[in-house]
There are 2 protein chains.
Amino acid sequence: MKTKTILLNSRPSAKPTKENFKFSEEEVPELKDGELLLKTKFVSVDPYLRGRMNDVKSYIPPFEIGKPITSVIIAEVTGSKNNDFKKGDFVSGNLAWKETQIANAKGLNKVDHKAADLTAYLGVLGMTGLTAYFGLTEIGKPKKGETLVVSGAAGAVGSIVGQIGKILGCKVIGIAGTDEKIEILKSKFGFDEGINYKTTKDINAAIKEAAPNGVDVYFDNVGGEITDAVLMNINKFGRIPTCGAIASYNDEEIPTGPRPQPILIKNSVLMQGFIVSNYADKFPEGIKQLATWLKESKITYSETVVEGFENIPQAFMDLFEGKNEGKMVVKI
Amino acid sequence: MKTKTILLNSRPSAKPTKENFKFSEEEVPELKDGELLLKTKFVSVDPYLRGRMNDVKSYIPPFEIGKPITSVIIAEVTGSKNNDFKKGDFVSGNLAWKETQIANAKGLNKVDHKAADLTAYLGVLGMTGLTAYFGLTEIGKPKKGETLVVSGAAGAVGSIVGQIGKILGCKVIGIAGTDEKIEILKSKFGFDEGINYKTTKDINAAIKEAAPNGVDVYFDNVGGEITDAVLMNINKFGRIPTCGAIASYNDEEIPTGPRPQPILIKNSVLMQGFIVSNYADKFPEGIKQLATWLKESKITYSETVVEGFENIPQAFMDLFEGKNEGKMVVKI
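Residues numbered from 1 in each chain as written. Chains lettered and ligands numbered in written order. Predicted model: local features only at pLDDT ≥ 70, side-chain atom pairs only at ≥ 80, totals over all residues. Heavy atoms only, no water.

An unreviewed UniProt entry lists chain A under the name NADP-dependent oxidoreductase, with Pedobacter segetis given as the organism.

Take a look at the structure:
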């Protein structure tokens, strides 16, 4: 049996392009004891993958040229030589961009397709939901009545952060890049205010107006000039979970800007970078809380579902153009 | 009775100059009920006063033009209409740059001149010692066997930070600006390594060599390019108490440089600004611990004592030329 696969062809110098990817075909090996035969159903594409395309030391090792790219995938078990999994089960895990693959069961988790839609396990009940939950509750520590600003607010993480902020009693302000997204933030996700950074001339002034009492928690998904403007409005003892710097992922050089230290000192502000796996020992607790809120309709989520294995690279590239609303998923 | 006083004459545009200060003479008013008559003995001059000379919102209000400058002063009670204080007592508090003054007792603390030298209450048992203690233990949280880097290491705060780091079992590396200071860091304060940032061409490489296991805690007294270089060597889960940005106090514009966020994310680093008064409710505990270490000769301190009321402005200006070794104090 043969399978299509997508390999890293070359490393991007700035934004990823289709030349960085190579479609190939390979033989699926024989199923051995303990292994599973998996059919890919849904592929998660995420901004952090851009970092793994560089050949630099990061929190997870870089992809290798000529080897398949991997991301979190929901797959159906179509063959099993492992007693813990049977044909017809669905699993989630970090898997290769292949239509069909053999995998060791290590690191795979069964997902319950009756409890929630399968794609929820790539988003609100997966990495993105857990990133929002732990970044906000463990670092941001919002208190009732405080003001929370979220950048990249219409994205998969940002939209969940804002909703959790509302559940916890905050005033929530979202920053996003189109009027349509701002509208969705308010109507669908219950944000109090939205700022379109592309059409707003003075973001600093817009934040000041939306947050007259200043900003207590800033969930930073983007970095760059948007973050500079939020910092101008941060309150004493403000907390900044630093989750993403998508504005700089495609830069070849380390981006420069105003140094944040004088503001951190002046206002005793905490700024803390994190990745979701820091909280791995608390994942069950996080998933349980998010699933409860989901069931109670206290949180909802958006997803952009692209169809077709051959469209995985384009779906990934579209993330950097802001073409997704919520979690970007490819259905195979 | 008349007293000399030093007023803010104008706001500095960059480094403070003697034109920013004005010597004056005024009548000392009558002592009223509850008040003390104080004779200034020792005046603390500190980098943070530079911030108060600007007309900008900061964690403490700016000095006013034509009004006396204030800082922490040790004074002798020479007259008292307050039952809690008697003639001959020594007090510490935020007082005006005057030879003699009347003060309300609020905010003044008695200091025990038998337990330690009076100047210790301006340094190791005062603001600078407490800044070192709480910044390091509450934010830096060093663990035995970890590597601690301290910038501004020969300064009043830095030299205490390094010694506490040694007491807590860390490898301690200090960064300072003269070979003489580096020598003192090692011989007097027990630092393991010292880096002279003025004569070292590649600070990044020098830190890498001194800290082959990377940097776990960086006590940042300076900001700027020294901080950029330390960040290049920060370990996963590194912690950065952000205490000072002396490199930028004299800048008119917000200084720019490489954005730290990508490194904070990559290594899950915490960067937290603070001022010592955040920990005011724990001051007694901190003073007790520092006094114990001082008595046990586990910590020592340097001070630069300048003599003469008329030399207060110059002593302050000399801080920005690095002319002090340890705490800068003016004896009246």
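Thoughts on the overall build of chain A
Worth spelling out the cut-off: Counting from the N terminus, the helices are DSSP H or I runs at least four residues long and the strands are E runs at least two residues long. We compute the radius of gyration over the C-alpha atoms and compare it with the globule rule, which gives 2.2 Å times the number of residues raised to the power 0.38. Buried residues are those whose accessible area, probed at 1.4 Å on protein chains only, stays under 20% of the maximum for their type, while exposed residues exceed 50% and partly exposed ones sit between those limits. Two residues qualify as a contact provided that any one of their heavy atoms is within 4.5 Å of a heavy atom in the partner residue. Note that accessible areas follow from Shrake-Rupley with a 1.4 Å probe, and for residues the cover is restricted to the protein chains shown. Under the convention used here, Asp and Glu are negative, Lys and Arg are positive, and both His and the chain ends fall outside the count. Where a charge lies is defined by one atom per residue type: Lys uses NZ, Arg uses CZ, Asp uses CG and Glu uses CD.
From N to C terminus, chain A includes 10 helices and 16 strands. Computed over C-alpha atoms, the radius of gyration of chain A comes to 20 Å, within 12% of the 20 Å expected from 2.2 N^0.38 for 332 residues, which places it in the range of a compact globule. For chain A, the spread of C-alpha atoms along the three principal axes comes to 65 × 45 × 35 Å. Looking at chain A as a whole, 56% of its 332 residues qualify as buried. The long-range share in chain A, meaning contacts at least 24 apart out of those at least 6 apart in sequence, stands at 66%. In the form shown here, chain A has an accessible surface area of approximately 14600 Å², with 49% of it arising from carbon and sulfur atoms. Once the 42 positive and 41 negative side-chain charges of chain A are each reduced to a mean point, those two points are 3 Å apart.

Let's talk about the relation of the copies chain A and chain B
As a reminder, the rule being used: A least-squares superposition brings the copies together, and it is based on the C-alpha atoms of residues with pLDDT no lower than 70 in both.
With an RMSD of 0.0 Å, the operation that places chain A on chain B is a rotation of 180 degrees combined with a shift of 0.0 Å along the axis. Such a turn and shift between the copies fits a two-fold axis. Comparing contact sets, 100% of the residues at the interface of chain A also lie at the interface in chain B, consistent with an isologous, same-surface contact.

Quick look at the nonpolar core
How we decide: We define the nonpolar core as a collection of buried residues of types Ala, Val, Leu, Ile, Met, Phe, Trp, Tyr and Cys that are connected through side-chain atoms lying within 4.5 Å of one another.
The biggest cluster of nonpolar side chains holds 92 residues, and the ones touching the most others in it are L148, F219 and L290 of chain A together with L148, F219 and L290 of chain B. Leave out the neighbours within four places in its chain, and L290 of chain A touches V124, L125, G129, L130, Y133, I160, I164 and I299 of chain A. A211, Y218 and I234 of chain A together with V149 of chain B belong to the second largest nonpolar core, which has 44 residues in total.

As for the pairing of strand β11 (residues 215-219) of chain A
Residues and elements named next belong to chain A. Rules: At least two DSSP bridges between two strands are required for those strands to pair. Whether a crossover is right-handed depends on one test, that the path from the first strand over the helix to the second runs clockwise when the strands point away from the viewer.
Buried residues dominate β11, accounting for 5 of its 5 residues. One ladder, built from 2 bridges, connects β11 with strand β12 (residues 234-242); its direction is parallel. Among the inter-strand pairings, V215 is bridged to a residue of β12, identified as I234. Taken together, β11, helix α6 (residues 224-231) and β12 form a β-α-β motif whose crossover is right-handed.

So, the environment of T200 of chain A
All names here are of chain A. Formally: Any N or O atom pair separated by 3.5 Å or less is treated as a polar contact, with the protein-specific requirement of one donor-capable and one acceptor-capable atom, and with residues adjacent in sequence counted only for side-chain atom pairs.
Mapped onto the secondary structure, T200 falls in the loop between β10 (193-196) and α5 (203-210). Under the relative-accessibility criterion, T200 is labelled partly exposed at 22%. With 17 residues separating them in the primary sequence, T200 and E183 have C-alpha atoms 15 Å apart. Leaving out residues up to four positions away in the same chain, T200 has contacts with I195 and A206. At 2.6 Å, the side chain of T200 forms a polar contact with the backbone oxygen of N196.

A short note on the side chain of K327 of chain B
Residues and elements named next belong to chain B. Within the element layout of this structure, K327 appears in strand β16 (residues 327-331). Polar contacts involving the side chain of K327 include one to the side chain of S44, which spans 2.8 Å. In contact with K327, not counting residues within four places along its chain, are S44, V45, D46, L122, G123, T128, A156, S302, E303 and T304.

A short note on the sheet that holds strand β10 (residues 193-196) of chain B
Strand pairing within a sheet occurs via backbone hydrogen bonds; the two strands may be parallel or antiparallel. Going by this rule: Working convention: axes come from line fits to C-alpha atoms, limited for helices to the stretch in contact. Angles between N-to-C directions cover 0 to 180 degrees.
If you walk across this open sheet you meet the 12 strands as β10(A)-β9(A)-β8(A)-β11(A)-β12(A)-β14(A)-β14(B)-β12(B)-β11(B)-β8(B)-β9(B)-β10(B), and the pairing is mixed. With one partner strand each, in any of the chains shown, β10 of chain A together with β10 of chain B form the two edges of the open sheet. For this sheet, the mean angle separating the axes of adjacent strands, direction not counted, is 15 degrees. By the bridge criterion, 5 bridges tie strand β8 (residues 147-151) of chain A to strand β9 (residues 171-176) of chain A in an arrangement that is parallel. In the strand pairing of β9 of chain A, T147 of chain A is matched with K171 of chain A. The sheet strands contacting α6 of chain A are β8, β9, β11, β12 and β14 (270-273) of chain A, and the helix crosses β11 of chain A at an angle near 165 degrees.

A word on the side chain of D220 of chain A
Under the convention used in this document: Any Lys or Arg side-chain nitrogen located within 4 Å of an Asp or Glu carboxyl oxygen qualifies as a salt bridge.
Mapped onto the secondary structure, D220 of chain A falls in the loop between β11 and α6. Of the buried charged residues, D220 of chain A lacks a salt bridge, with R259 of chain B as the closest side chain of opposite charge at 8.0 Å. When residues no more than four places from it in sequence are discounted, the contact partners of D220 of chain A are S151, T227, I240, P241, T242, C243 and G244 of chain A together with Q261 of chain B.

What about the domain arrangement of chain A?
Residue and element names in this part refer to chain A. For the record, the criterion: Just so you know, the domain bounds were taken from an automatic or database domain assignment. The term buried area means the drop in 1.4 Å probe accessible area that two parts suffer when joined, counted for both and summed. Here the term charged refers only to Asp, Glu, Lys and Arg, the term nonpolar to Ala, Val, Leu, Ile, Met, Phe, Trp, Tyr, Cys and Pro, and the term polar to all other amino acids, Gly among them.
The domain architecture assigned to chain A consists of domain 1 (2-123 + 302-331) and domain 2 (127-277). A buried area of about 1400 Å², summed over both sides, lies between domain 1 and domain 2, and 57% of it is on carbon and sulfur atoms. Our enumeration of links across domain 1 and domain 2 arrives at 0 salt bridges. When the residues that make up the side of domain 1 that touches domain 2 are grouped by side-chain class, the tally is 9 nonpolar, 6 polar and 5 charged.

Looking at empty space enclosed by the protein
Counted only if it meets this: Any residue with an atom within 4 Å of a point lines the site, the site being either a cavity, points on a 1 Å grid over the protein atoms alone where a 1.4 Å probe fits but cannot get out, or a pocket, an open set with protein on both sides within 12 Å along at least 5 of 7 lines. Grid points are joined across faces, edges and corners, and a volume is the space filled by probe spheres set on the points.
In the structure shown here, the tally under the stated rule is 2 cavities of 30 Å³ or more. The calculated volume of the largest cavity comes to roughly 50 Å³. In terms of lining, the largest cavity is formed by T119, G123, V124, T128, A156, S159, I160, Y301, S302, E303, G326 and K327 of chain A. Ranked by residue count, the leading element in the lining of the largest cavity is helix α3 (residues 156-167) of chain A, at 3 residues. Here the residues of the lining of the largest cavity sort into 4 nonpolar, 6 polar and 2 charged. When residues of the lining of the largest cavity are sorted by domain, at least three fall in each of domain 1 (2-123 + 302-331) and domain 2 (127-277) of chain A. One number sums up the size of the second largest cavity: a volume of about 40 Å³. Considering every element that reaches the lining of the second largest cavity, the biggest residue donor is helix α3 (residues 156-167) of chain B, with 3 residues. Among the residues forming the lining of the second largest cavity, the class breakdown is 4 nonpolar, 5 polar and 1 charged. Residue-level mapping places the lining of the second largest cavity at the junction of two domains, with at least three residues from each of domain 1 (2-122 + 301-331) and domain 2 (127-277) of chain B.

Topic: the pattern of salt bridges
Should their charged atoms come close, side chains of opposite charge can pair. Counted according to the given criterion, the structure contains 30 salt bridges over all chains. Salt-bridge contacts for K15 of chain A lead to E321 of chain A; the nearest nitrogen and oxygen are separated by 3.1 Å. Residue K15 of chain A is located in the loop between β1 (2-8) and β2 (21-27), and its partner E321 of chain A is located in the loop between α10 (312-319) and β16 (327-331); the two are separated by 306 residues in the primary sequence. On the basis of relative accessibility, which here comes to 43%, the residue E321 of chain A falls in the partly exposed class. Taking the shortest distance from any N to any O, the salt bridge between K110 of chain B and D89 of chain B comes out at 3.8 Å. In this pair, K110 of chain B is assigned in strand β7 (residues 109-110) and D89 of chain B in the loop between β4 (70-80) and β5 (90-96), connecting sequence segments 21 residues apart.

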